[in-house]
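Topology and contacts: notes
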Amino acid sequence: MNKRRNFFIIILCATLFVASIVFAGGEKEVEETPKPKVEQEWKGKEISILVLGNGPKGTQSGPYYYWKQEWERITGAKLNIVEVPYPDLHTKIFYDLISGIRQLDGYHTGAWFYGDFMSGDYLAPIDEFVNDTSGRFPKWYPETVVKPQDELYLWKGNRYGANQDNDTQIMYYRKDILGNKEYQKRFKDEYGYELPIPPKTWEEFYDVGEFFNGWDWNGDGEPDYGCSYPLARGLTGQFFFPAMAGAYTVMPGKMDRYHGVFWFDPETMEPLINDTGHVKALEMYVDLCTKLSPGEAKGWNLTEDWNIFLSGNVALKQSWLDLGALVQDENKSLIKGKIGAAPLPGSMEVWDREKSRWLKLEKPNFVSNVVGGTWHLVTSRFSKNPELVYHLMAFMASPEISLWNVTHGWTGFDAAKTTEFLPPYGTAKLEDYVKEGWNPEDVKAHLNATFEQYDSPTSLHYLRIRGADRYYDSLDVHISEAVNKMITPQEALNRVYKDWQKITNDLGREEQLSLYQESIGYKK
Amino acid sequence: MRIDKYYKYAFLSPVIFYILIFTIFPLIFSLSLCFFHWDMLASITRFVGLRNFKDIFHDYRFWNALRVTFIFVGTAVSLEFVIGLGLALTLYKGIRGQKFIRTLITAPIFIAPIAVSLLFVGIFYERGGMVNTVLGIIGLPSIPWLSNANIAIFSIILVDVWQWTPFMFLLLLAGLQSLPIEPFESAVVDGASKIQIFSYITLPMLRPIIITVIVLRLTEACKIFDLPMGLTHGGPGISTESYSMYTYIQGIQNMNFGYSAALSYIFFVIVLLFILPFLFRWREEVW
């Protein structure tokens, strides 16, 4: 009897001990988060939003779960979060809108869905709320968002979204490995020039990648890799190629028919995807993917691809900004404090379509990119509570909340506001990041490279026309064929060209041309 | 008599209504869609006559999807039949632990195909996956199960064989157990060898059930979708993009319903032509 009583006492004590740790931890977390002003105007109301589903602790959907309670406390309203996996996201959003079900008030959307949204007039503009000075909504200061990102929320002068996630691709590299004196000497002996830190052109990127590929440079007993790419079909393949191809294909200079364009001829809507510049870029991309990346990467998704860099086996990485934040998580990363970052490499020659020749340059052609989702919340035109949806997006975009999200890698939200960049590019403090566990040198490299990537005078415009998902699907499929050596890069891009012509004809060439010109701000 | 007739119609009406709404209407509606370019997203609907069909025959992804599907169906169903029949012949004569083995063999049928594909993503995972780890232990090189365009389709076939051989096995076993014992006894008395008994007695008597299981599996396998979707997303490239998957991409993902409907009807005709000989044979044998 005594034995049993003692057993229960031990269990009780253990439970109390665990509970005290859990609750103490929870309290600390709440204390750390900023608390906006409390409003109860919307008490009893309810909104439902559809988000890219990665669970309550995953990227994109995670921040909504994290802030849900706080937002509900402020507004008195209820927030329903509907998660949808990435491959089904477009379908689910547009079935909700087209089928007439229209149960959802807002969508955490990829910016490439804008063409589809606009063709059906499915979104409610938010300008009225942004300009509201009554104090009903949290302030989020659109003027602090870097221009290439902010442009993605606008259409024909109206604003539809507030800044949340920000997708651009930059280059990460192992500064400890590239900075190794012995490796530098060997590189110079082999390639005849100093090991560039960081590589400035894709040719240098290839040389450095080739040098560090196939041997054990990190001392773990296994051969390592020059670079790696996530190459599984149907996921993110369509974004990596354009981000690197811009250097070979986007002519610097003021935008006209031949300058500053990547996707289509802005006067005829003829695809430019199989011109000489794009083909050369794809040849380089295929070489990077097949000669310098792990073989199994052909079946990898984004997370699997990031993991091999985090485990310290890859020297160079073209990646979205999430990687810089993930490096800081010592549970997953072996390379905290060992990374450098820079804008994506450029090219010393660019294809001049007007004169059908390669234009040799004195300095590399760096092209900024905003490829990817730039995931953010937009309001359905059929929502009964558009102001409440706006309150949520403004709340998420407000400087304190946004900075908190940006400094916590698991959210998947990345920096794009001056309040999130370090001086001289912004007003954030190094301590904001360091107190959340970031390595100071990593933060500086990551944020400065991000700002410089956005700041390039030449940019790769975002594909925001109607049916963008179809254009991207074709690009993804045929790039995958080229990377798997099923066809040549030229054949792959010829197939993309043919598909894109058909899609454009199906959707109406004149309408598509008009949308394309609007989306890139092209004027004759 | 007249009242009886009305009663009959009254009782049948729910079923007739159901068939009209859920079978006949979708069939007619989807057939009509084949002649339209209907893009719900862009609210575009225009009559295009036979253009969807013409485009399909010039679409190399259509031909690829057809090729992938037939490689899959031919190889998977043949393997499932041969292995299923082998297992049934082995287990139908009582052996020790027969019930346990039978339960174990049939287990995969009850798992949802999408769960099976997730399971095999882990098993076939190239870096540290179960199969490659075992291969590594016995000194063999890793196999790129899902990332090699030539191997991926056979990995999918392997998974399908793992899941659906038990179906063949169960039906063939039931068929074997239902055969009368007298012809076999007579054959033994007459001194027939085991191969002769199998060739001249077992197989001919089992033919109706063989045709039934093959027809059932063929029609099911032609619709393969979950496994390539879950294992490879149709990749690498389009090397595992099955016909159903391509139809889904065009219809549901790209919302290009006219094209997708035309793809479906073409496949319906192809599958019908493919299965018709079996169906005629089935009719002769079973009825």
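Read on for an overview of the structure. Owing to the predicted nature of the structure, the values given are computational and were not obtained by experimental measurement. (Residues numbered from 1 in each chain as written. Chains lettered and ligands numbered in written order. Predicted model: local features only at pLDDT ≥ 70, side-chain atom pairs only at ≥ 80, totals over all residues. Heavy atoms only, no water.)

1. Some remarks on the overall build of chain A
For chain A, the helix and strand inventory stands at 20 helices and 13 strands. Scaling as 2.2 N^0.38, a compact globule of 524 residues should have a C-alpha radius of gyration of about 24 Å, and chain A matches this with 24 Å. For chain A, the share of sequence-separated contacts (at least 6 apart) that also reach a separation of at least 24 residues comes to 75%. Accessible surface for chain A amounts to roughly 20600 Å². Of this, 53% is attributable to carbon and sulfur atoms. Of the side chains in chain A, 57 bear a positive and 74 a negative charge, and the two mean positions are spaced by 3 Å. (Helix = DSSP H or I, 4+ residues; strand = E, 2+ residues; numbered from the N terminus. Rg over C-alpha atoms; globule rule 2.2 N^0.38 Å. Contact = heavy atoms within 4.5 Å. Areas by Shrake-Rupley, 256 points an atom, 1.4 Å probe, with all protein chains shown as cover. Lys, Arg positive; Asp, Glu negative; His and termini not counted. Charge placed at Lys NZ, Arg CZ, Asp CG, Glu CD.)

2. Some words on the overall build of chain B
Looking only at helices and strands, one finds 12 helices and two strands in chain B. Listing every helix and strand of chain B by position from the N terminus yields α-β-β-α-α-α-α-α-α-α-α-α-α-α. The principal-axis extent of the C-alpha atoms belonging to chain B is close to 75 × 70 × 30 Å. The burial tally for chain B puts 43% of its 287 residues in the buried class. By element, 73% of the accessible surface of chain B is carried by carbon and sulfur atoms, the whole surface being about 15500 Å². With 19 positive and 15 negative side-chain charges, chain B shows a spacing of 3 Å between the two charge centroids. (Buried < 20%, exposed > 50% of the residue type's maximum accessible area, 1.4 Å probe, protein only.)

3. As for the packing of aromatic side chains
Residues and elements named next belong to chain A. Inspection of the entire model under this criterion finds 69 aromatic pairs over all chains. Each ring, one from Phe421 and one from Phe451, has its centre 5.2 Å from the other, and the planes form 80 degrees; the classification is edge-to-face. With Phe421 in the loop between α15 (399–407) and α16 (430–434) and Phe451 in helix α17 (residues 440–454), this pair connects stretches of sequence that are 30 residues apart. The same class applies to Phe421 and to Phe451, which are both buried. Note that Arg102 overlies the ring of Phe382, its terminal NZ or CZ placed 3.7 Å from the centroid. (Phe/Tyr/Trp six-rings, centres within 6.5 Å; stacked < 30°, edge-to-face > 60°. Lys NZ or Arg CZ within 6 Å of the ring centre and 35° of its normal.)

4. Brief notes about the interface of chain B and chain A
Contacts between the two partners involve 36 residues from chain B, matched on the other side by 36 residues from chain A. Across the interface of chain B and chain A, roughly 2900 Å² is buried in total on both sides, 51% from carbon and sulfur atoms. Between chain B and chain A we count five salt bridges in total. Linking chain B to chain A there are 14 residue pairs in polar contact (both at pLDDT 80 or more). (Buried area = accessible area lost by both parts, 1.4 Å probe. Salt bridge = Lys/Arg side-chain N within 4 Å of Asp/Glu carboxyl O. Polar contact = N/O pair within 3.5 Å; in protein donor to acceptor, adjacent residues only side chain to side chain.)

5. Remarks on the sheet that holds strand β6 (residues 169–174) of chain A
All names here are of chain A. Taken in spatial order, the three strands make up an open sheet running β7-β6-β8, and their pairing is antiparallel. The two strands at the open ends of the sheet, each matched to only one other strand, are β7 (316–320) and β8 (339–342). Pairs of neighbouring strands in the sheet enclose a mean axial angle of 30 degrees, with direction left out of account. When β6 meets β8, the two strands line up antiparallel, connected through four bridges. Pairing of Tyr173 across the sheet is with Gly340, part of β8. Sitting on the sheet, α17 is in contact with β6 and β8, with an inclination near 15 degrees to β8. (Pairing = 2+ DSSP bridges. Axes fitted to C-alpha atoms, helices over the stretch in contact; angles between N-to-C directions.)

6. Quick notes on the nonpolar core
Of all hydrophobic cores here, the largest spans 199 residues; its most connected members are Phe212(A), Phe241(A) and Tyr285(A). For this core, the element with the highest residue contribution is helix α3 (residues 60–92) of chain B, accounting for 12 residues. Residues in contact with Phe241(A), not counting those within four places in the same chain, are Ile273(A), His278(A), Ala281(A), Leu282(A), Tyr285(A), Leu475(A), Ile479(A) and Leu493(A). In terms of nonpolar packing, the next biggest core, distinct from the first, is built from 32 residues, Ile74(A), Phe137(A), Trp140(A) and Trp404(A) among them. (Core = buried A, V, L, I, M, F, W, Y, C linked by side-chain atoms within 4.5 Å.)

7. Focus: the pattern of salt bridges
Residues and elements named next belong to chain A. Throughout the structure, instances matching the rule amount to 33 salt bridges over all chains. A salt bridge links Asp305 to Lys317; the nearest nitrogen and oxygen atoms lie 2.8 Å apart. Of this pair, Asp305 sits in helix α12 (residues 302–310) while Lys317 sits in strand β7, and the two are 12 residues apart along the sequence. Lys317 carries the same exposure label as Asp305, and that label is buried. For Lys417, the salt bridge identified is with Glu420, shortest N-O distance 3.5 Å.

8. Some thoughts on the sheet that holds strand β2 (residues 78–84) of chain A
Residues and elements named next belong to chain A. Taken in spatial order, the four strands line up as β2-β1-β3-β12 in an open sheet, and their pairing is mixed. Strands with a single pairing partner mark the edges of an open sheet, and in this sheet they are β2 and β12 (376–379). Between one strand axis and the next, the sheet turns through 25 degrees on average, direction left out of account. The pairing of strand β1 (residues 46–52) with strand β3 (residues 106–109) spans two bridges and is parallel.

9. Examining the state of the cysteines
Residue and element names in this part refer to chain A. In the structure shown here, the tally under the stated rule is zero disulfides over all chains. Lacking any disulfide linkage, Cys227 is separated from the closest cysteine sulfur, that of Cys289, by 7.0 Å. Residue classification places Cys289 among the buried residues on the basis of a relative accessible area of 2%. (Disulfide = S-S within 2.5 Å.)

Spatial relationships are all this shows, so hold off on functional conclusions.
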